[in-house]
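Overview (structure and organization)
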Amino acid sequence: MELEKNGVFPIEDTLEIILAFDKTGKITYMNAAARKKLEYEEGFSGKCIQDIFPNTFRSAQEGFETDCPFGNALQNLVAYRKNLTCFPVEARIVDHTETSGLYICMANDILEKEFLTKEIEQVRQEAQQAMKVKSEFVANVTHELRTPVNGILGNVRELLGEELETKVERYLRLIERCCGDMNKIINNILDFSKLEAGKFTLEPRKFNFRSMLDYVKSNHINKITEKGLGFFMTVSPQIPEYIIGDELRIVQVLGNLISNAQKFTSVGKITVEAVRTARVNDKIELFFMVKDTGIGIDAADKDKLFQSFSQVDASISRKYGGTGLGLNICKQLVELMGGRIEVESEKNRGSTFSFSVWVGISENEEEVLCEQTDYIEMPAGDVEDSSAEDIRQFGTPENLKNLKNNLSKLILCVEMENWEKAEMFMETVRTLTSGAPREIGRIALRLKMAIQKENYDKITTEFAELNNLLGT
Ligand code: ADP
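Below or above, wherever it landed, is the structure these notes cover. These figures come from a predicted structure and were not determined experimentally. (Residues numbered from 1 in each chain as written. Predicted model: local features only at pLDDT ≥ 70, side-chain atom pairs only at ≥ 80, totals over all residues. Heavy atoms only, no water.)

Side note on the overall build of the chain
If you tally the helices and strands in the chain, you get 14 helices and 14 strands. Across the 472 residues in the chain, those meeting the buried criterion constitute 42%. Taking the intrachain contacts of the chain between residues at least 6 apart in sequence as the baseline, contacts between residues at least 24 apart amount to 61%. (Helix = DSSP H or I, 4+ residues; strand = E, 2+ residues; numbered from the N terminus. Buried < 20%, exposed > 50% of the residue type's maximum accessible area, 1.4 Å probe, protein only. Contact = heavy atoms within 4.5 Å.)

Some words on unusual backbone geometry
The backbone of N281 sits at a positive phi, close to 50 degrees, despite the residue not being glycine. Tracing the sequence through the fold places N281 in the loop between β11 (269–280) and β12 (283–292). One non-glycine residue, N348, lies in the positive phi region at around 65 degrees.

Description of the environment of W419
Summarising the element assignment, W419 is placed in helix α12 (residues 419–432). Taking the C-alpha atoms as reference points, W419 and I451, 32 residues apart in sequence, are found 7.1 Å from one another. The residues contacting W419, other than those within four sequence positions of it, are V414, I451, E454 and I459. At a separation of 3.2 Å, a polar atom in the side chain of W419 contacts the side chain of E454. (Polar contact = N/O pair within 3.5 Å; in protein donor to acceptor, adjacent residues only side chain to side chain.)

Overview of the pattern of salt bridges
Scanning the model with the defined rule gives 24 salt bridges in all. The shortest N-O distance in the salt bridge between E247 and R205 comes to 2.7 Å. On the criterion of sequence distance, the pair formed by E247 in helix α7 (residues 247–263) and R205 in strand β8 (residues 205–208) is long-range, its members being 42 residues apart. Taking relative accessible area as the criterion, R205 reaches 47% and is therefore assigned partly exposed. Here K331 and E335 are joined by a salt bridge, their closest N and O atoms 3.3 Å apart. (Salt bridge = Lys/Arg side-chain N within 4 Å of Asp/Glu carboxyl O.)

Describing helix α14 (residues 456–470)
In a regular helix each residue adds 1.5 Å, so 15 residues correspond to 21 Å; α14 covers 21 Å between its end C-alpha atoms and thus fits that length. Among all positions of α14, only I459, E462, F463, L466, N467 and L470 are buried. Looking straight down α14, one finds that the buried residues subtend no more than 135 degrees of arc, so they occupy a single side. Facing away from the buried surface of α14 by more than 90 degrees, the exposed residues are D457 and N468. Just downstream of α14 lies G471, where phi reads positive at about 70 degrees. (Expected span 1.5 Å × (residues − 1). Arc of directions from axis to C-beta.)

Let's talk about the sheet that holds strand β6 (residues 86–96)
Each strand in a sheet pairs with its neighbour through backbone hydrogen bonds, running either in the same direction (parallel) or in the opposite one (antiparallel). Spatially, β2-β1-β7-β6-β5 is the arrangement adopted by the five strands of the open sheet, whose pairing is antiparallel. Lying at the two open borders of the sheet, with one neighbouring strand each, are β2 (27–30) and β5 (75–80). Neighbour-to-neighbour, the strand axes of this sheet turn through a mean angle of 35 degrees, independent of strand direction. In the sheet, strand β1 (residues 17–22) pairs with strand β7 (residues 102–109) via six bridges, with the strands oriented antiparallel. The residue of β7 that forms the bridge with F21 is Y103. (Pairing = 2+ DSSP bridges. Axes fitted to C-alpha atoms, helices over the stretch in contact; angles between N-to-C directions.)

If you want it as structure tokens, here you go:
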């Protein structure tokens with residue numbers, strides 16, 4: 001074994017005591033920990049292994065003799081300091097005489113190790129306790145926040161039931177949406193703190209699988225079609241009509257993945273697929289896929305996705321919002337339901353999130369499979385015959401058709417002073433013109449800035465110019 005490289009021992013600074021001795025027992029090396037703990041800081045010349053472990057090594061004609069086995073097994077020995085006081089160690093003595101002519105002894109002070117283990121345990125317990133207090137605090141605060149938010153929401157809805165000026169109604173709708181968003185965040189934090197504290201319990205019951213999917217679809221279809229995206233849903237006939245599981249939580253996971261797909265996709269389509277993959281007694285495994293043609297995720301960022309509070313990059317988060325808790329909650333929920341969640345993605349081409357869960361089938365229902373063959377939702381946008389790539393490619397007929405479509409929606413939103421939606425369509429226009437000649441890109445940027453400033457006159461000028469150059 002080559003102990004020394006360029007005159008420096010790589011083991012010099014380890015916490016473990018390390019010594020080397022030759023066939024005669026003479027110590028040829030002590031690392032810093034050994035010199036300190038054995039009190040040989042002023043030198044160990046002339047010392048031999050019998051001085052350190054006199055109970056284990058005895059002097060003999062051929063250097064030393066010992067009953068201590070060499071190898072990686074740990075031995076309890078007593079180490080003596082220079083001043084002849086001693087302490088117990090756990091040591092391994094390895095025979096490297098064939099290669100380097102040396103024996104290497106690696107030892108740990110048992111008392112110190114026990115002390116450290118106790119200290120680590122104490123720190124661990126304190127950290128756990130602090131975590132528990134923090135989780136409880138977060139749970140309490142979020143719970144308390146719910147009451148005022150729902151109070152505002154209730155009153156706003158009450159007002160919306162009355163006859164109102166358009167402008168007032170618009171502000172109230174905005175407040176209503178903000179409260180809805182806040183409720184979503186509060187629910188996410190509550191779920192997260194319950195999951196972290198191990199206090200989350202599933203509530204399985206019998207439910208109609210296809211009605212659940214219809215509900216999921218109805219929750220998202222408007223936002224998806226408003227963006228001009230296609231939405232397809234396919235369900236395998238192998239999934240029985242009724243299953244037993246936590247419907248709310250399956251809806252939550254699917255909903256989260258579909259919301260993300262919609263959030264991060266500006267052209268193309270979103271596809272949801274559900275199939276049955278296995279059966280063991282009265283349990284079946286369901287496998288879901290949510291596929292989009294959106295911005296995609298870098299391979300290097302994939303591991304970060306399912307961690308709590310993690311968003312792929314700060315600029316993306318600012319643009320799209322979110323707390324970075326959604327996928328972590330999905331992962332924990334899916335694992336509670338006996339499954340796994342995974343992602344496959346390619347930057348700028350789209351992502352496929354898939355997850356499995358185990359659910360029950362009731363005895364009399366077990367063979368009542370759905371009679372329908374796969375049922376497919378027709379696309380909401382005009383993407384059926386064209387791929388997302390054709391749409392993104394500036395200048396293709398699909399691209400120009402989509403551009404025209406998005407620009408007319410954009411100007412409609414401007415007329416209605418719905419600035420948030422106008423910005424959303426503007427983003428899609430920017431994606432669709434990303435490969436366009438520079439002049440078009442410049443006008444698109446100016447139009448975007450005018451929308452951000454809500455400058456109506458400038459918007460109409462830039463809009464007309466863009467339409468003119470695009471020939472739309
Ligand atoms: P958030 O609530 O912030 O969206 P999530 O945990 O749901 O939190 O998602 C974390 C991050 O993963 C997102 O901020 C985004 O960067 C990335 N991500 C999630 N879904 C997609 C998707 N379909 N396409 C591209 N990126 C995605």
